[in-house]
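Descriptive structure summary
Each chain, written out:
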Amino acid sequence: MGDTPSPHDSSLADGDMTLGQRAAVDAVLALHRGRPGALLPILHGVQDALGWVPPAAVPTIARALDLGRAEVHGVVSFYHHFRSTPPGRHVVRLCRAEACQALGARALEAHAKQSLGVDWHGTSADGAITLEPVYCLGNCGCGPSLLVDDEELHARVTPASFDALVAELRR
């Protein structure tokens, strides 16, 4: 009977999560649920583990913290950092801070959006690239700058070097 969920098993209400997603959410909840102000650390943990916060995880998180679903959803939807859809294979964060803008980031932003066919937080049709804004990468003297997958910082990015980078990421 170990496979039969009890009426209180939250997986009954969260059928849209895969077993792996459910396990990740449960692990994050076990780690943070007893902390004061646990909602944001839990949401960060879920996104770190899965790359996004599945909408089906909202009821589970709400129950674990004795919050309303609307409250959890409100936090996820308020902060642009949290994604409620899976990201592309690569996440490109383009700096929008003043120093980068003074060095051409607005033109690069327009080119990136047009080239990828997306707006901020969108994913290219081929699922390769999600474009996100960031408000300083600490590379101010070498802008415009972008960060790929929280690992690779690129400086003095031009439309041509952006296109070359995207072509490499798509391979």
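In this report, we go over the structure that sits alongside the text. Everything numeric in this text was worked out from a predicted model, so none of it was measured.

The next thing to look at is the sheet that holds strand 3 (residues 146-148). Spatial strand order, 2-1-3-4: 4 strands in an open sheet with mixed pairing. In the strand order of this sheet, the two ends are held by strand 2 (129-134) and strand 4 (152-154), each with one partner. Neighbour to neighbour, the strand axes of the sheet diverge by 25 degrees on average, direction disregarded. Pairing geometry for strand 3 and strand 4, over 3 bridges, is antiparallel. Bridge assignment links L147 to a residue of strand 4, and that residue is L153. Each of strand 1 (90-95) and strand 2 is contacted by helix 6 (residues 105-116), which is oriented at about 155 degrees to strand 2, the strand it contacts most. Packed on one face of the sheet, helix 7 (residues 159-170) meets strand 1, strand 2, strand 3 and strand 4 and runs near 5 degrees to strand 3.

Per the counting criterion, the structure on display carries 2 aromatic pairs. For the pair F78 and Y79, a centre-to-centre distance of 4.9 Å together with 90 degrees between the ring planes defines the contact as edge-to-face. Centre to centre, the rings of Y79 and F82 are 6.3 Å apart; their planes meet at 85 degrees, and the pair counts as edge-to-face. We classify Y79 as partly exposed; its relative accessible area is 37%. Here a set of aromatic residues connected by ring pairs shows up, and it is made of F78, Y79 and F82.

What counts, and where the lines are drawn
- Sequence order as written defines residue numbering, which begins from 1 separately in each chain.
- Whole-chain, interface and lining totals are the exception, using all residues; otherwise, since this is a predicted model, local features are given only for residues with pLDDT of at least 70 and side-chain atom pairs are given and counted only at 80 or more.
- Excluding hydrogens and water, the side-chain figures rest on all heavy atoms present in the structure.
- Two strands are counted as paired when DSSP detects at least two bridges linking them.
- Under the DSSP-based scheme used, a helix requires at least four consecutive residues in state H or I and a strand at least two consecutive residues in state E, with every element numbered from the N terminus.
- Lines fitted to C-alpha atoms define the axes here, with helix axes fitted over just the stretch in contact, and angles between the N-to-C directions of these axes take values from 0 to 180 degrees.
- In what follows, a contact means two residues having at least one pair of non-hydrogen atoms within 4.5 Å.
- Aromatic pairing here means that ring centres of Phe, Tyr or Trp (its six-membered ring) are within 6.5 Å. Orientation follows from the plane angle: under 30 degrees is stacked, over 60 is edge-to-face, and everything else is tilted.
- Throughout this description, buried means an accessible area under 20% of the type-specific maximum (1.4 Å probe, protein chains only), exposed means over 50%, and partly exposed covers the range between.

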